[in-house]
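A structural walkthrough
Each chain is listed here by its residues.
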Amino acid sequence: MRLDEELNKVNQFYRRQESEFIERGETLNKQLQILLDLKQIISDCRRKNSPSKPYSTGVSPQYSPTRDSDYSVCAENFGDSDETNSEISQTDEVITTLEKNGISFVNSVMRTKTKKGKPKMAMRIDVPATNPTRAITAITSMLWEDLVKNPTGDLVHKRKLQCAEKMIRGAFVELYKGFGLLKTYSSLNMVAFTKILKKFDKVSCQKASANYLKEVKRSHFVSSDKVFRLMDEVESIFTKHFANNDRKKAMKFLRPQQHKDSHMVTFLVGLSTGCFVSLFCVYAILAHLCGIFSSNNEPAYMETVYPVFSVFTLLSLHLFMYGCNLFMWKNTRINYNFIFEFSPSTALKHRDAFLMSTTLMTTVIGAMVIHLLLRAANFSPTEIDAIPGILLLFFVVLLICPFDLFYRPTRYCFIRVIRNIVCSPFYKVLLVDFFMADQLTSQIPLLRHLESVGCHIFARAFKTHHPDTCHSGRLYMEITYIISFLPYYWRALQCARRWFDDGDVNHLANMGKYVSAMVAAGARVTYSRQNDNLWFAIVLITSVVATMYQLYWDFIKDWGFLNPKSINPWLRDDLILKNKSIYYMSIVLNIVLRVTWVETIMHFKVGPVQSRLLDFLLAALEVIRRGHWNFYRLENEHLNNVGHYRAVKTVPLPFREIDSD
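Residues numbered from 1 in each chain as written. Predicted model: local features only at pLDDT ≥ 70, side-chain atom pairs only at ≥ 80, totals over all residues. Heavy atoms only, no water.

With that settled, consider the overall build of the protein chain. For the protein chain, the count of helices and strands is 25 helices and 2 strands. Looking at the protein chain as a whole, 43% of its 661 residues are labelled buried. (Helix = DSSP H or I, 4+ residues; strand = E, 2+ residues; numbered from the N terminus. Buried < 20%, exposed > 50% of the residue type's maximum accessible area, 1.4 Å probe, protein only.)

Here it is, written out as structure tokens:
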């Protein structure tokens, strides 16, 4: 009886998903036909206006119009003959048919007059701003196209046509992936039922599974061939319209190959790790011999060299923690690529993250050793202190390098996400955007170090360098406040945007958490300059409130813990790690690392060098806490979809049904 229930569940789920995919496929076919008909209208117009420049109507990724101006579906060069009137009438009929099939036109049947007094018709595709890159461009496009270039608002813009084509192509790719997943679901369940029946025969010493196995094979999820036929149909459509009849090219889109882990990457990780350890030992010996951490040499070294190297060290540590996250997510079968919407062919593996981390640190330690050797050789301090700046410039150039070197897809993805964070109010928030913004809130010390480096570099460049300029100057302090606020501010704006998009009040509550963190951070910066009892009380109150707010959100909202009714006491019902004690230890560790701000208000009496090293240690602990938080946050997302990011991946379509407007 239990087996019958499971078989019925599998069949029902398969039927439901199959019907959904079939309906989605029919919608996509309509969208594709609309696009083809629309291009045919434009092609007819261009052919009549420019007979010597034929215009291809095929839909292909290489679609590239020859002009930079907007396209109009027009009859500008038509005469007054019966043939012309007939062609205009046929165009009217095509437009009417397109409207009935779902295309949304603005002023679609509006006729205007050209300078020669001949009739002119125009229309415009309504492509919704559905992804982050279209949020800002939608506003500029509206102002430029509709108010400046085209006040009547009735043109088919070439970029919108390209955008529509790209959206439909992406929808076909996702539909094909869905068919593949449903096909895998069918085969895996067939294997599962077979193993269960064999195990039943072995335990009961009977051979009763043969008849039931025949029943399973007759079930809909096994016997239905609709998925296979539809997959073949999608392959044929995609090859014809999006790959110029090149099947090999089409399958690169539909079935992207995942790169296998290379042993060379593992070897390079080991090699760079060995180099890092060796260079670090050399650096420690040279630093002791040169006495760079003595009170006499501290200002020159700790103000110009230390901040740059600290930036790279914290960044390398963050990459190492991310590599640990990738390793744990993979071992616990958390589908992080799907949650983050990363391409499997270009997504970073844990070995790649470790290679980036160790390579970065090896380069940095090597630069530090070279700096000390040149210092010991009595080179000019002005010249050798430029090494950290050169190193920083080198990595900035590497980050934006357009050549396919050193993980270009990952670098460009990072730049794109940072852009989305900086322009948070104007971009729809994806999980990877908020995830990266949370990482930035843990890297405020890194940003402070960059501020110090920039201050020294610009002050020396403009010949205005003074020891106090980059410590107590008014402009420096104002920038310090801004840097302390920015990561929390960006994250708060993301919460506001999500509330605007979803209407969920929880996003406003989450925004309150970051506002409280901003207040606490500002109070601590002020207290570091005004050491009195009033500001001590303000810092203590604001920091305690912010910490309690953050801990509540960590445990209950982000991790899903502290549920008194859970089958796992004070955790959640679904857990991936088998050892529950790890979760309890993680709760305690997160609490301890959340209150490290206490050191910043205690003002321990230590030397300036020890104070900087202590600050670096606390910054490193915060990075470790964030890496620790990352695992449980994505585990909760994987199990419960708490952020509503990954329930269904649907691609928006350019042509909306008129009835839905």
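This brings us to the nonpolar core. Ranked by internal contacts, the top residues of the largest apolar core, which has 54 residues, are W329, F340, L431 and L634. Considering each element in turn, this core owes the most residues, 10 residues, to helix α13 (residues 350–376). Apart from residues lying up to four places away in sequence, W329 is in contact with Y322, I334, Y336, F340, F435, N630, F631 and L634. In this structure, I42, F172, Y176 and M251 belong to the second largest nonpolar core, which totals 37 residues. (Core = buried A, V, L, I, M, F, W, Y, C linked by side-chain atoms within 4.5 Å. Contact = heavy atoms within 4.5 Å.)

Packed helix pairs are specified by the crossing angle of their axes together with the interaxial distance, meaning the distance between the axes. Between helix α22 (residues 533–558) and helix α25 (residues 608–640), the least distance of the axes is 10 Å, while the angle of their chain directions is 30°. By the angle class used here, α22 and α25 are roughly parallel. On α25, the residues that touch D554, K557 and D558 of α22 are R625, W629, Y632, R633 and N636. Of the residues that constitute the contact of α22 with α25, the class distribution is 2 nonpolar, 1 polar and 5 charged. (Axes fitted to C-alpha atoms, helices over the stretch in contact; angles between N-to-C directions. Parallel < 35°, antiparallel > 145°, perpendicular 65-115°, else oblique. Nonpolar A, V, L, I, M, F, W, Y, C, P; charged D, E, K, R; others polar.)

Evaluation of the coordinates by the stated rule reveals 28 aromatic pairs. Taking the centre distance of 5.0 Å and the plane angle of 65° together, the rings of F340 and F435 count as edge-to-face. Placement of the pair is F340 in helix α12 (residues 336–340) and F435 in helix α17 (residues 431–441), with a sequence separation of 95 residues. In this structure F340 comes out as buried when scored by relative accessible area, which is 5%. Judged by its relative accessible area of 6%, F435 falls in the buried class. Between Y552 and W553, the ring centres sit 6.3 Å apart and the planes meet at 65°, which makes this aromatic pair edge-to-face. (Phe/Tyr/Trp six-rings, centres within 6.5 Å; stacked < 30°, edge-to-face > 60°.)

A positive phi angle is found at R333, which is not glycine, with a value near 60°. Here E341, not a glycine, exhibits a phi torsion of approximately 60°, which is positive. Mapped onto the elements of the fold, E341 is located in the loop between α12 and α13.

Taking 1.5 Å of rise per residue, the 17 residues of helix α7 (residues 226–242) would be expected to cover 24 Å, and the 23 Å separating its terminal C-alpha atoms lies within 8% of that figure. Of all the residues in α7, the buried ones are V227, L230, M231, V234, E235, I237, F238, T239, H241 and F242. N244 occupies a position one or two residues after α7 and carries a positive phi of about 55°. (Expected span 1.5 Å × (residues − 1).)

Following the criterion strictly, the structure yields 18 salt bridges and no others. In this structure, the salt-bridge partner of D438 is R491, at a minimum N-O distance of 3.3 Å. Of this pair, D438 sits in helix α17 while R491 sits in helix α20 (residues 474–502), and the two are 53 residues apart along the sequence. Among the salt bridges present, the one from R625 reaches E622, with a minimum N-O distance of 3.0 Å. Taken together, the positions of R625 and E622, both in helix α25 and 3 residues apart, correspond to about one turn of that helix. Look at R625 and you get buried, because its relative accessible area is 0%. The network of salt bridges with common partners includes D554, R594, E622 and R625. (Salt bridge = Lys/Arg side-chain N within 4 Å of Asp/Glu carboxyl O.)

It is worth spelling out the environment of V10 at this point. In this structure, V10 sits in helix α1 (residues 2–49). When the C-alpha positions of V10 and S186 are compared, they lie 8.6 Å apart, and in sequence the two are 176 residues distant. Among all residues touching V10, those that are not within four sequence positions of it are Y185, N189, F193 and F221.

A separate point is a nonpolar patch on the surface. There is a patch of nonpolar side chains on the surface, built from V396, I400, Y412, F414 and I415 and spanning about 410 Å² of accessible area. The set of elements that each furnish at least two residues to the nonpolar patch consists of α15 (386–400) and α16 (408–422). Per element, the largest residue contribution to the nonpolar patch is 3 residues, and it comes from α16. For I400, the position within the fold is in helix α15. (Patch = residues over 30% accessible without salt bridge, like charges linked within 9 Å, V, L, I, M, F, W, Y side chains within 5 Å. Areas by Shrake-Rupley, 256 points an atom, 1.4 Å probe, with all protein chains shown as cover.)

Note on placement: T332 falls in the loop between α11 (306–331) and α12. Reaching out from T332, the side chain makes a polar contact with the backbone oxygen of W329 at a distance of 3.4 Å. Here T332 is in contact with I576, L577 and F631, once residues within four sequence places are set aside. (Polar contact = N/O pair within 3.5 Å; in protein donor to acceptor, adjacent residues only side chain to side chain.)

In terms of burial, α17 is a largely internal element, 10 of the 11 residues being buried. Looking only at α17, the buried set comprises L431, V432, D433, F434, F435, A437, D438, Q439, L440 and T441.

Chain-level pLDDT for the protein chain is 78 on average; 76% of the residues reach the 70-or-more range. The low-confidence segment residues 52–84 (pLDDT under 50) makes 83 contacts with residues lying over four places distant or belonging to another chain. (pLDDT = per-residue confidence, 0-100.)

Orientation of α11 relative to α25, taken along the N-to-C sense of each, is 20°, at an axis distance of 9 Å. As judged from the angle between their axes, α11 and α25 are roughly parallel. Between α11 and α25 lies a crossing of right-handed hand. Of the residues belonging to the contact of α11 with α25, the class tally is 14 nonpolar, 7 polar and 2 charged. (Left-handed = near helix turned anticlockwise from the far one by under 90°.)

For the rest of this paragraph, the subject is the environment of E341. When its relative accessible area of 41% is taken as the criterion, E341 is described as partly exposed. Residues E341 and V432, spaced 91 residues apart in sequence, show a C-alpha to C-alpha distance of 8.1 Å.

Turning to the side chain of N568, a few remarks are in order. On the secondary structure map, N568 appears in the loop between α22 and α23 (581–594). Discounting residues that sit within four places of it in the chain, N568 has contacts with D573, L575 and K580.

With that settled, the discussion passes to the environment of V305. When you line up the elements, V305 lands in the loop between α10 (298–304) and α11. For V305, a relative accessible area of 0% gives the class buried. With 66 residues separating them along the chain, V305 and H371 place their C-alpha atoms 9.1 Å apart. If we ignore the near neighbours within four places in the chain, the residues touching V305 are H371, D385 and P388.

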